[in-house]
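Topology and contacts: notes
Chain by chain, the residues:
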Amino acid sequence: MCGIVGYVGQKQSLPIAVEALRRMEYRGYDSAGVAVVGENGIASAKRAGKLANLEDKIAEIGEGTLAGTTVIGHTRWATHGRPTDENAHPHVSFDGKVAIVHNGIIENFAVLREELERDGIELKSETDSETAAHLLAKAYNDGDTAGDFRASALNVLNRLEGAFTLLFVHANHPDQIIAARRSTPLMVGVGEGEMFLGSDVAAFIEHTKQAVELGHDSVVVINKDGYEILNFDGSGAEGKPFTIDWDLEAAEKGGYDSFMMKEIFEQPAAVRDTLAGHWADGRVTLDENSLTVDQLKSFNQVFVVACGSAYHSGLAAKYAIEHWVRIPVQIEVASEFRYRDPVLDERTLVLAISQSGETADTLEAVRHAKTQGAKVLAVCNTNGSQIPRESDAVLYTHAGPEIGVASTKAFLAQVAANYIVGLALAQAKGTKYPDEIAEIWRELEAIPGKIEQALDSRDQVNEISETLGAIKTMLFLGRGVGFPIALEGALKLKELAYIHAEGFPAGELKHGPIALIEEDLPVVVIVPSPRGVSQLHSKIVSNIQEIRARGAKTFVIAEEGDTAVEPYANWLVRIPQTPTIMQPLLATVPLQFLAADIARENGNEDIDKPRNLAKSVTVE
Ligand code: F6R
């Protein structure tokens, strides 16, 4: 997730771009850059780190060097390539005539890079994005599309695979920006004698309230007087004009009342982006410079270390990895790990999961694991942070910056990333046939669409929460992979609503916790799919009956078509059908809503910043 801005008009464009980037910084702050098209062609400035670093750079070279009325800008959340000056956007083509900014992932970049290198073009960065700049310059300089900016841009866009937003400028066409989106966001702002582009409307809301929404696969050509929308094949297309009725603060939250709510709705993209690029030629792939196939083959046990929600994602991974890979997986709260003297050796894979990459407990666990000779693979959302830096390898989640303190989209992205690791292990060790892995991958790829459906539970959960009345405590029950979901649901409620909540394996209830059940106590039950291993399903239905018989009120999460649970649910929230192992990616969603709604009912209006909590816990 990166922030993108563009402007064509009559004013000096640099200050407009810098202001717009400030509004986009929530989308990434690994680096920032601008490219202005002026009388002398393209001039650009970029720098690693926050926008303030770019401002320093502009001050060093002088604003005058970046004069012009057309600009593109970018604030980066690093995916391919570290957060360095070279990897910052914009990228300029070999002939200096084209500049591009990019959000998303170009999945076939390796092939494109090879092609460019064969042509003698030297790439300056490690990014997938840079290829687009050179391809456009090539298409503009030679062949059928020579001299035609629009035809050259379409030619390049049709060669790219993946999800992307791209903005192109060309020195010979100083009054134009050509932009495209495939799945990732792009908004057009319509001013008087000026036009804007942004990853969201916050980029231009202080200049205009008139905006245009583009379809998923759209190209837009803008100049100061207007815009034209095209399909990727060059035929005409329509956008949806609308008037923005948010103020700036609301716009930054995408119209939601909190960052957390916005982030919950970003979960389909977080999972989609995390999966992107990890399936090629019928095989699961880890990132370049990750663990080798031989290393993956050599592991005979896995230890997962993580804290809080990240720990819960790891617990889900335990079920998946043991099932797919048939090696033991132990999971340990990171703060306990090194004090327990766990038995590790060079055949142990330690999976260290952390959104921030800075959590002290997890970092210390990583250091301890390395001293014992284990190999550490970090699953992390923050490029260049300490945990991936000290690990042997890293698999990045692509959830984008998570601003709400309580983890939502990062958690779902962690589950997805952990499953990628599980499949890579199964593939390397041959514990699953290729067609079985392909089938699981297909199920994973269907998940973002199913999360969209799970998000439809928003209003229903809100209505339920209003009927719950005063709650003293709440229990969450699950079995199998439903247990980590129960723990995550309980943690969200504690964090946001300040209510005592506990998650249990449903079968454990009768060994003690059932004593807590009293009249009207709300109990959340996550029900596994009745398809597949239905043994667990019937067991949990019995558990629901046990608690109902003692007066509890049940909030049941079950998949579409599961009619067996209907008689036992006071409230029934449906999620799409999916193999049970994938349920954490769906059933967590209504529980996030539930926690946010009960928090509000209890008077905690600022769910983005729950009391006593910090987003990144850098002390042990
Ligand atoms: C819960 C939450 C925390 C974090 C935990 C680990 O909503 O956000 O429990 O999951 O502090 O943080 P990271 O993933 O940054 O290591």
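Residues numbered from 1 in each chain as written. Predicted model: local features only at pLDDT ≥ 70, side-chain atom pairs only at ≥ 80, totals over all residues. Heavy atoms only, no water.

Per an unreviewed UniProt entry, the protein chain goes by the name Glutamine--fructose-6-phosphate aminotransferase [isomerizing] and belongs to Corynebacterium qintianiae. According to its UniProt record, the protein chain has this under Subcellular location (unreviewed entry): "Cytoplasm". As recorded by UniProt, the Catalytic activity (unreviewed entry) comment attached to the protein chain reads in full: "D-fructose 6-phosphate + L-glutamine = D-glucosamine 6-phosphate + L-glutamate". (UniProt positions renumbered as here; feature names shortened; annotations may be inferred.)

A short note on the site of the ligand
Lining the immediate surroundings of the ligand are 15 residues, of which Ser354, Gln355, Ser356, Thr359 and Glu495 lie closest. Between an oxygen atom of the ligand and a side-chain N or O atom of Ser354, the distance comes to 2.6 Å. Contact with the protein chains hides 88% of the accessible area of the ligand, taken as 410 Å² for the molecule alone. Residue composition of the shell around the ligand, grouped by class: five nonpolar, eight polar and two charged. Two domains each donate at least three residues to the shell around the ligand, and these are domain 2 (253-432) and domain 3 (455-606). (Near = heavy atom within 4 Å. Polar contact = N/O pair within 3.5 Å; in protein donor to acceptor, adjacent residues only side chain to side chain. Areas by Shrake-Rupley, 256 points an atom, 1.4 Å probe, with all protein chains shown as cover. Nonpolar A, V, L, I, M, F, W, Y, C, P; charged D, E, K, R; others polar. Domains from an automatic or database assignment.)

Details of the environment of Gly282
Along the chain, Gly282 falls in the loop between strand S15 (279-280) and strand S16 (283-284). Judged by relative accessible area, Gly282 falls into the partly exposed class, the value being 43%. Sequence separation between Gly282 and Asn155 is 127 residues; the distance between their C-alpha atoms is 27 Å. (Helix = DSSP H or I, 4+ residues; strand = E, 2+ residues; numbered from the N terminus. Buried < 20%, exposed > 50% of the residue type's maximum accessible area, 1.4 Å probe, protein only.)

Some thoughts on the side chain of Gln267
Mapped onto the fold, Gln267 is located in helix H8 (residues 267-275). Only 3.0 Å separates the side chain of Gln267 from the backbone oxygen of Ile264, close enough to count as a polar contact. In this view, Gln267 contacts Thr408, Lys409, Leu412, Ile451, Val589 and Gln592; residues no more than four positions away in its chain are not counted. (Contact = heavy atoms within 4.5 Å.)

What to know about the sheet that holds strand S18 (residues 329-333)
Overall, parallel pairing links the five strands, which are arranged S18-S17-S19-S20-S21 in an open sheet. At either end of the open sheet lies a strand with only one pairing partner, and these are S18 and strand S21 (393-396). Here the strands of the sheet are splayed against their neighbours by 20 degrees on average, with no regard to which way each runs. Of the strand pairs in this sheet, strand S17 (residues 301-306) and strand S19 (residues 348-354) are connected by five bridges, and their pairing is parallel. Within S19, the position partnered with Phe303 by the bridge is Val350. Sheet strands touched by helix H12 (residues 360-371): S17, S19 and strand S20 (375-380). Its angle to S19, the strand with the most contacts, is close to 165 degrees. Contacting S17, S19, S20 and S21, helix H14 (residues 409-429) crosses the sheet at an angle of about 165 degrees to S19. (Pairing = 2+ DSSP bridges. Axes fitted to C-alpha atoms, helices over the stretch in contact; angles between N-to-C directions.)

A closer look at the pattern of salt bridges
This model, assessed by the stated rule, comprises 33 salt bridges. Note that Lys138 is salt-bridged to Glu115, the shortest N-O span being 3.4 Å. Of this pair, Lys138 sits in helix H4 (residues 130-141) while Glu115 sits in helix H3 (residues 109-118), and the two are 23 residues apart along the sequence. Note that Asp225 is salt-bridged to Lys224, the shortest N-O span being 3.3 Å. Overall, the relative accessible area of 32% leaves Lys224 in the partly exposed class. Several salt bridges converge on common partners, so that one network encompasses Glu19, Arg22, Arg23, Glu55 and Glu206. (Salt bridge = Lys/Arg side-chain N within 4 Å of Asp/Glu carboxyl O.)

Observations concerning the pairing of strand S24 (residues 522-526)
Among the five residues of S24, five are classified as buried, and the element is accordingly described as predominantly covered. Residue alternation in S24 divides its side chains into two sets, Pro522, Val524 and Ile526 and Val523 and Val525, and both sets are buried. Relative to S24, strand S22 (residues 473-478) is paired through three bridges, and the arrangement is parallel. For Phe476, the partnering residue across the bridge sits in S24 and is Val524. Looking at chain direction, S24 and strand S25 (residues 553-559) are connected through five bridges and run parallel. Pairing of Val524 across the sheet is with Phe555, part of S25.

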